Every structure is written in structure tokens, then in C-alpha cells.
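A closer look at the structure
Residue-level listing of the chains:
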Amino acid sequence: QVQLVQSGGGLVQAGDSLRLSCAASGDTFRNYAMAWFRQAPGKEREFVAASRNTGHTYYADSVKGRFTISRGDSKSTVYLQMDTLKPEDTAVYYCAADRGIILSSIRNPTMYDHWGQGTQVTVSS
């Protein structure tokens, strides 16, 4: 069983950058696919980015070219570097982990077993 603790986030202006971190403990990190989701008020939780333990990464179209997911296996941490932030990126961001997720489900939040506590990102215009 893996536990996830997030850090980072905050209030920034449009065009700024932020980095979110998600530290995992309790199990072998490299066995897990890691992902970031976000949820804006009144909206469903949506996929942002994912990193499989194969090294492959996946992004939502809305963040492709602006956000980068990376994982430091030695530190059991996954990062989300967010550049050129826009007001529409404002949301609570969650990291997620799953050990056995298949590729076709990697964008589906209901398929992840483990979640971080969430962190607010607010981008002002």
C-alpha cells in the first residue's frame, strides 16, 4: 500500500510557472504508474498527465507543451512542472498512483487506487 503526500501549489499570475511534488512511501515506487489530475469548482476530476514505470508519459491536450511530468525513482517522488500557466489551469491538483493500471485506463481517475491530499493552484489573469 502506497501513501502519497503532495507539496507545492499556490497563487501565481498568468504566464508564471509552478512545480508540484508528490512523495510516495510504503511500497516500491517504481512498480507504480503515477498521474496528476485536477478538479475545478463544479467540474469533474480531469486527467492532466501520467508516467508509467516504463518511462512513457502521457498528457492531456490542454497541457501538452506546457506541463511536464517526471519521476525521481531514487526519491520516490513524482513532479509536475507547470509552465506558461493560464487562468483555466486553476484547480485543485491531485497526484494518483496505481500498480496495475493498463494503458487504456491511464486517463480514468476511477481506475487509480491511491490519492494524494490535493493542492490548490490558482492562476490570476
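Residues numbered from 1 in each chain as written. Predicted model: local features only at pLDDT ≥ 70, side-chain atom pairs only at ≥ 80, totals over all residues. Heavy atoms only, no water.

This brings us to the overall build of the protein chain. Each helix and strand in the protein chain was counted, giving zero helices and 11 strands. The C-alpha atoms of the protein chain give 13 Å as radius of gyration, which agrees with the globular expectation for 125 residues (14 Å, within 12%). In terms of overall dimensions, the protein chain has a C-alpha envelope of 40 × 30 × 25 Å along the principal axes. When the 125 residues of the protein chain are sorted by exposure, 45% land in the buried category. In the protein chain, of all internal contacts separated by at least 6 residues, the share reaching a separation of at least 24 is 59%. Surface accessibility of the protein chain: about 6300 Å² in total, with carbon and sulfur atoms responsible for 46%. (Helix = DSSP H or I, 4+ residues; strand = E, 2+ residues; numbered from the N terminus. Rg over C-alpha atoms; globule rule 2.2 N^0.38 Å. Buried < 20%, exposed > 50% of the residue type's maximum accessible area, 1.4 Å probe, protein only. Contact = heavy atoms within 4.5 Å. Areas by Shrake-Rupley, 256 points an atom, 1.4 Å probe, with all protein chains shown as cover.)

Further remarks concern the pairing of strand β5 (residues 46-51). Burial of β5 is extensive: five of the six residues sit out of reach of the surface. Both strand β4 (residues 33-39) and β5 contribute to a ladder of five bridges, which runs antiparallel. Paired with M34 across the bridge in β5 is S51. In textbook terms, the turn of a hairpin is the stretch between consecutive antiparallel strands, and for β4 and β5 this stretch comprises six residues, one of which, G42, has a positive phi near 80°. In terms of strand pairing, β5 meets strand β6 (residues 57-59) through three bridges, oriented antiparallel. The partner of A49 across the bridge, within β6, is Y59. The hairpin formed by β5 and β6 contains five residues between the paired strands, and G55 there has a positive phi angle of roughly 100°. (Pairing = 2+ DSSP bridges.)

Think of a pair of aromatic rings as described by two things: how far the centres are apart, and how the planes are tilted against each other in angle. The tally for this structure, following the rule as stated, stands at five aromatic pairs. Plain terms: the ring middles of F37 and W115 are 5.3 Å apart, the flat faces sit at 50° to each other, and that makes the pair tilted. Separated by 78 residues along the polypeptide, F37 in strand β4 and W115 in strand β10 (residues 114-115) bring together distant segments of the chain. Look at F37 and you get buried, because its relative accessible area is 0%. Geometrically, the ring pair formed by Y94 and W115 is edge-to-face, given 6.3 Å between the ring centres and 80° between the ring planes. Of this pair, Y94 sits in strand β9 (residues 91-98) while W115 sits in strand β10, and the two are 21 residues apart along the sequence. Through a chain of ring-to-ring contacts, the aromatic side chains of F37, F47, Y94, Y112 and W115 assemble into a single cluster. Directly above the aromatic system of Y94 lies the positively charged group of R45, at a separation of 3.8 Å from the ring centroid. (Phe/Tyr/Trp six-rings, centres within 6.5 Å; stacked < 30°, edge-to-face > 60°. Lys NZ or Arg CZ within 6 Å of the ring centre and 35° of its normal.)

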